[in-house]
Amino acid sequence: MPRILSFVVIGAVVGAGYSYATTVGFPLRGLLRGAVSGVIIGAAVSWLGLFVLQAPGSPLARTPFMVTVAVRSVVYLLVFLLAIAVGQLLVPNRPPARVVSISGDDILFCFGATFVITFLFEVNGLLGQNVLLSFMTGRYHRPRVEQRIFLIMDMKNSTAAAERLGEVKFHMLLNRLMTDLSGPIVLRGGQIHKYVGDELIATWPLARGLKDAACVRACFAARDRLVAHGADYERAFGMTPQVRAGLHCGPVVAGEMGSIKKEIALLGDTLNTAARLVDACRDRGESVIASAELLDRLKLPAGIAARSLGLVHLRGKEQAIGLCALAEQTPATCLAAS
């Protein structure tokens, strides 16, 4: 909702300014008409982007870059022209006459705006969620400490799968796997930080991830999605991939990294610990392990049970930390290790 509201406000301001500047006579009506058209454009473009064109599992998610840009450009251009027409009908220049008249300047403006919006959407998708905005605003130009939740998921038995499928088909499997895992995470407010081989790293600002246990819900929703699409994986690859996951929270340092190739890097013991939880899953035969520190801050969703593993010494860590194994079953209380 915040993203849609932002687009609506931006659309109203830009639409009002353009219409005011191009209206001959009755400039105030032009201002209002442009604002109305801009609101329609902002709401439609953001909604289409979030829930249709960029939605997890959308057919466009697997199409080449230029095909995606072309399709989205056409869709957005139609939205722009329709919104201008609706604005003219709702706020005619000379009431009570209601005539739709789209000039060459209107078409040129729509074409340019469509290209800019599509380009920004695609660049944002290439860089990662909100990374482009962070670069533009300089949010992480200087390193800053943030409280975050991390979910790290990796594929079980990936080495054996790679040997059996071969490099090209294994890449296809990983691409589909990462796409399917990412969808439920993004829908629950998570940000995909990066993909590393057969591993996915997702993160939430602490408050957002704790609210309604979004981070835990996202983890199990992603696993459930793999089960739901098991038949598709079997037909395409002769197997249904399974994943293990680690959940942890704490402070990290976030900041721009690099010059030739820039990224927003997240560094700190919290991220390292989350990665060790995935190793603990492998060593202990568990599918999902969360730190007691995280679970103490949230209420587990119904149907998710936590079983205490006690204090565990993780590889590379001097002090043991409390861990819990999570599973979909009758809810139980996770007793934090003392």
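Residues numbered from 1 in each chain as written. Predicted model: local features only at pLDDT ≥ 70, side-chain atom pairs only at ≥ 80, totals over all residues. Heavy atoms only, no water.

Undergrad: Please set out the overall build of the protein residue by residue, giving values where relevant.
TA: Helix and strand content of the protein: twelve helices and eight strands. Burial status across the protein gives 45% buried among its 338 residues. (Helix = DSSP H or I, 4+ residues; strand = E, 2+ residues; numbered from the N terminus. Buried < 20%, exposed > 50% of the residue type's maximum accessible area, 1.4 Å probe, protein only.)

Undergrad: Could you give me a rundown of the side chain of His-248, with the residues and numbers involved?
TA: Tracing the backbone through its elements, the reader meets His-248 in strand S4 (residues 243-257). Polar side-chain contacts of His-248 include one of 2.8 Å to the side chain of Ser-291. Contacts of His-248, omitting those with residues within four sequence positions, involve Arg-148, Ile-149, Phe-150, Thr-270, Thr-273, Ala-274, Leu-277, Ser-291, Glu-293 and Leu-294. (Polar contact = N/O pair within 3.5 Å; in protein donor to acceptor, adjacent residues only side chain to side chain. Contact = heavy atoms within 4.5 Å.)

Undergrad: Before we move on, could you go through the environment of Leu-226 and cite the residues and values that matter?
TA: Note on placement: Leu-226 falls in helix H9 (residues 214-228). Leu-226 gets classed as buried once you look at its relative accessible area, which sits at 3%. In the structure, Leu-226 is positioned 16 residues away from Gln-242 in sequence and 7.5 Å away in space, judged by C-alpha atoms. With sequence-adjacent residues up to four places away left out, Leu-226 is seen in contact with Leu-177, Asp-180, Leu-181, Tyr-233, Thr-240, Pro-241 and Val-243.

Undergrad: With reference to specific residues and values, describe the pattern of salt bridges.
TA: For the coordinates displayed, the defined rule picks out 15 salt bridges. The partner of Asp-154 in a salt bridge is Arg-244, and the shortest N-O contact between them spans 3.3 Å. Of the two residues, Asp-154 sits in strand S1 (residues 144-155) while Arg-244 sits in strand S4, which places them 90 residues apart along the sequence. With relative accessibility at 10%, the residue Arg-244 sits in the buried group. Ionic contacts of the salt-bridge type, sharing partners, join the residues Asp-154, Arg-244, Arg-276, Asp-279, Arg-282 and Arg-315 into one network. (Salt bridge = Lys/Arg side-chain N within 4 Å of Asp/Glu carboxyl O.)

Undergrad: Could you give an account of the side chain of Asp-180, with specific residues and numbers?
TA: Relative to the elements of secondary structure, Asp-180 occurs in helix H7 (residues 167-187). With relative accessibility at 4%, the residue Asp-180 sits in the buried group.

Undergrad: Describe the state of the cysteines, listing the residues and the values that go with them.
TA: Tallied over the full model, the rule gives zero disulfides. Counting only cysteine sulfurs, Cys-215 is the nearest neighbor of Cys-249, a cysteine outside any disulfide, at a range of 8.2 Å. Looking at Cys-249, the relative accessible area reads 1%, which means it is buried. For the unlinked cysteine Cys-281, the closest cysteine sulfur is that of Cys-219, found at 8.7 Å. (Disulfide = S-S within 2.5 Å.)

Undergrad: Quick rundown of the confidence of the model for the protein? Include the residues and the values.
TA: Scored by pLDDT, the protein has a mean of 84; 86% of the residues are at 70 or more. Low pLDDT (under 50) marks residues 331-338, which in the prediction has 18 contacts with non-local residues, meaning those over four places away or in another chain. (pLDDT = per-residue confidence, 0-100.)

Undergrad: Tell me about the nonpolar core, and please be specific about residues and values.
TA: Residues Val-216, Leu-247 and Leu-326 are the most contacted members of the largest nonpolar core, which totals 45 residues. The greatest single-element share of this core, amounting to eight residues, is contributed by H9. In contact with Val-216, other than residues within four places in its own chain, are Leu-247, Leu-298, Leu-300, Pro-301, Ile-304 and Leu-326. Ile-264, Leu-266, Leu-271 and Val-278 belong to the second-largest nonpolar core, a separate cluster that totals twelve residues. (Core = buried A, V, L, I, M, F, W, Y, C linked by side-chain atoms within 4.5 Å.)

Undergrad: Account for helix H3 (residues 65-90), naming residues and giving values.
TA: Compared with the 38 Å implied by 1.5 Å per residue over 26 residues, the 37 Å span of H3 between its first and last C-alpha is a close match. Taken together, the buried positions of H3 are Thr-68, Val-69, Arg-72, Ser-73, Tyr-76, Val-79, Phe-80, Ala-83, Ile-84, Ala-85, Gly-87 and Gln-88. (Expected span 1.5 Å × (residues − 1).)

Undergrad: Talk me through unusual backbone geometry; I want residue IDs and the actual numbers.
TA: Residues other than glycine seldom take positive phi values, yet Asp-212 does so here, at roughly 55°. As for its placement among the helices and strands, Asp-212 is situated in the loop between helix H8 (206-210) and H9. Judged by relative accessible area, which is 56%, Asp-212 ranks as exposed. With phi around 50°, Ala-213 is a residue other than glycine that occupies positive phi space. One can find Ala-213 in the loop between H8 and H9. Judged by its relative accessible area of 2%, Ala-213 falls in the buried class.

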